[in-house]
Amino acid sequence: MEALLRRELGCDFVRATGHSGGGCISQGQSYDTDRGRVFVKVNSKAEARRMFEGEMASLTAILRTDTVRVPKPIKVLDAPGGGSALVMEHVDMRALDSHAARLGTQLADLHLENKRLGETLRKEASTVGKGGGQVDRAFVDKFGFDVVTCCGYLPQVNDWQDDWVTFYARQRIQPQMDMVEKGSGDREARELWSALQLKIPDLFRDLDIVPALLHGDLWAGNVAEDSSGPVIFDPASFYGHAEYELAIAGMFGGFGRSFYSAYHGAIPKAPGFEARLQLYQLFHYLNHWNHFGSGSDSDVRG
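So, a few notes on the structure that sits alongside this text. This one's a predicted model, so the numbers in the text were calculated from it and none came from an experiment.

The next point concerns the nonpolar core. Inside soluble globular proteins, nonpolar side chains tend to come together where they are buried. Ranked by internal contacts, the top residues of the largest apolar core, which has 52 residues, are Trp-164, Tyr-168, Ile-173, Ile-232, Tyr-244 and Leu-246. Per-element accounting of this core gives the leading share, 8 residues, to helix 8 (residues 273–292). Apart from the residues lying within four places of it in its own chain, the contact partners of Leu-246 are Leu-107, Phe-259, Tyr-263, His-264, Phe-273 and Leu-277. Listed in part, the 12 residues of the second largest apolar core include Leu-4, Cys-11, Val-38 and Ala-85.

Given below as structure tokens:
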């Protein structure tokens, strides 16, 4: 790996440090270089390049909003021996603690950034002598993302859609249901999903949903802090409903009261929030089922 990094990053000096890490999907290692310390995630799966290219695009998109810190992505490489590697900025992180409320505020800023951008562009367009060239990014008025992203190692369909409910049903739940039925032959789950689809439109009645850039997999294991504030990582981004982000945030460990108080101070709960949260958690239970087996099927049926 050292030789690869020297060649691809244009470094004269590369040495592995004692900093390593990883989860159930990929493994990571930090390296000191003459251009600074970097962190390298490695995955041996054949689909790893697609996964890492989606993560790099996600990190880049969040970075451009200047709202919440993410490690700066550098490059996706073909790894020695097969698979791929993602090179990014090394960040000395520790468990989220004193900056939880600040993370809530910054996450709300991330979710509001596209909406505020649209308001700015409309204001400029209506002001005599302005408009054009004042803002360096375009307002996103659809739901989706420019590239495939992966929640875990499973790809997400991010084809652009005008309607959020259509996007969520067709491009989040349906592919997961197809995998469940193919993997386990569980037709009961499909029948439950067919019944649930009829009820979904009522959960979104009178809601005006502006596409928000999401981290996409913001559970407690993908957040941390350093001396300067909160850090989020391992994103699976797309433009969707901001509430979707909070589904997995409440699962697998969850976040504290200060995080939610700060977040909802900026984005108050809309009527029907709790019911929609359960609908959004369905995706993550299905995704967990399709990654690790049917241990989560009781949560899906519940």
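Across the interface, helix 3 (residues 100–125) lies against helix 7 (residues 257–266) with an axial gap of 7 Å and an inter-helix angle of 30 degrees. Crossing of helix 3 over helix 7 shows right-handed handedness. For the pair helix 3 and helix 7, contact is made by Ala-100, Ala-101, Leu-103, Gly-104, Thr-105, Leu-107, Ala-108, His-111 and Leu-112 and by Ser-258, Phe-259, Ala-262, Tyr-263 and Ala-266, respectively. Class assignment for the residues of the contact of helix 3 with helix 7 results in 10 nonpolar, 4 polar and no charged.

Here we take up the pattern of salt bridges. Summed over the entire model, instances satisfying the criterion amount to 16 salt bridges. Between Arg-37 and Asp-32 there is a salt bridge; the shortest N-O distance is 2.6 Å. Because the salt bridges share partners, they merge into one network encompassing Arg-7, Glu-8 and Lys-75.

Time to look at the packing of helix 4 (residues 164–184) against helix 8. Think of two packed helices as two axes; the pair is described by the angle between the axes and how far apart they sit. Viewed as axis vectors pointing N to C, helix 4 and helix 8 meet at an angle of 30 degrees, and their least axial separation amounts to 10 Å. The orientation of helix 4 with respect to helix 8, classified from their angle, is roughly parallel. The way helix 4 lies across helix 8 gives a crossing that is left-handed. Residue-level contacts link Trp-164, Tyr-168, Arg-172, Ile-173, Gln-176, Met-177, Met-179, Val-180 and Ser-184 of helix 4 to Leu-279, Tyr-280, Leu-282, Phe-283, Leu-286, Asn-287, Trp-289 and Asn-290 of helix 8. A class-by-class count of the residues in the contact of helix 4 with helix 8 yields 12 nonpolar, 4 polar and 1 charged.

Looking now at unusual backbone geometry. Positive phi values are uncommon outside glycine, yet Asp-206 reaches one of about 70 degrees. The exposure class assigned to Asp-206 is exposed, which follows from its relative accessible area of 79%. Positive phi, normally seen in glycine, also occurs at Asp-234, with a value near 55 degrees. Inspection of the secondary structure assignment puts Asp-234 in the loop between strand 10 (229–232) and strand 11 (238–240). Of the residues examined, Asp-234 reaches a relative accessible area of 29% and is grouped as partly exposed.

What counts as what
- Residues numbered from 1 in each chain as written.
- Predicted model: local features only at pLDDT ≥ 70, side-chain atom pairs only at ≥ 80, totals over all residues.
- Heavy atoms only, no water.
- Core = buried A, V, L, I, M, F, W, Y, C linked by side-chain atoms within 4.5 Å.
- Buried < 20%, exposed > 50% of the residue type's maximum accessible area, 1.4 Å probe, protein only.
- Helix = DSSP H or I, 4+ residues; strand = E, 2+ residues; numbered from the N terminus.
- Contact = heavy atoms within 4.5 Å.
- Axes fitted to C-alpha atoms, helices over the stretch in contact; angles between N-to-C directions.
- Left-handed = near helix turned anticlockwise from the far one by under 90°.
- Nonpolar A, V, L, I, M, F, W, Y, C, P; charged D, E, K, R; others polar.
- Salt bridge = Lys/Arg side-chain N within 4 Å of Asp/Glu carboxyl O.
- Parallel < 35°, antiparallel > 145°, perpendicular 65-115°, else oblique.

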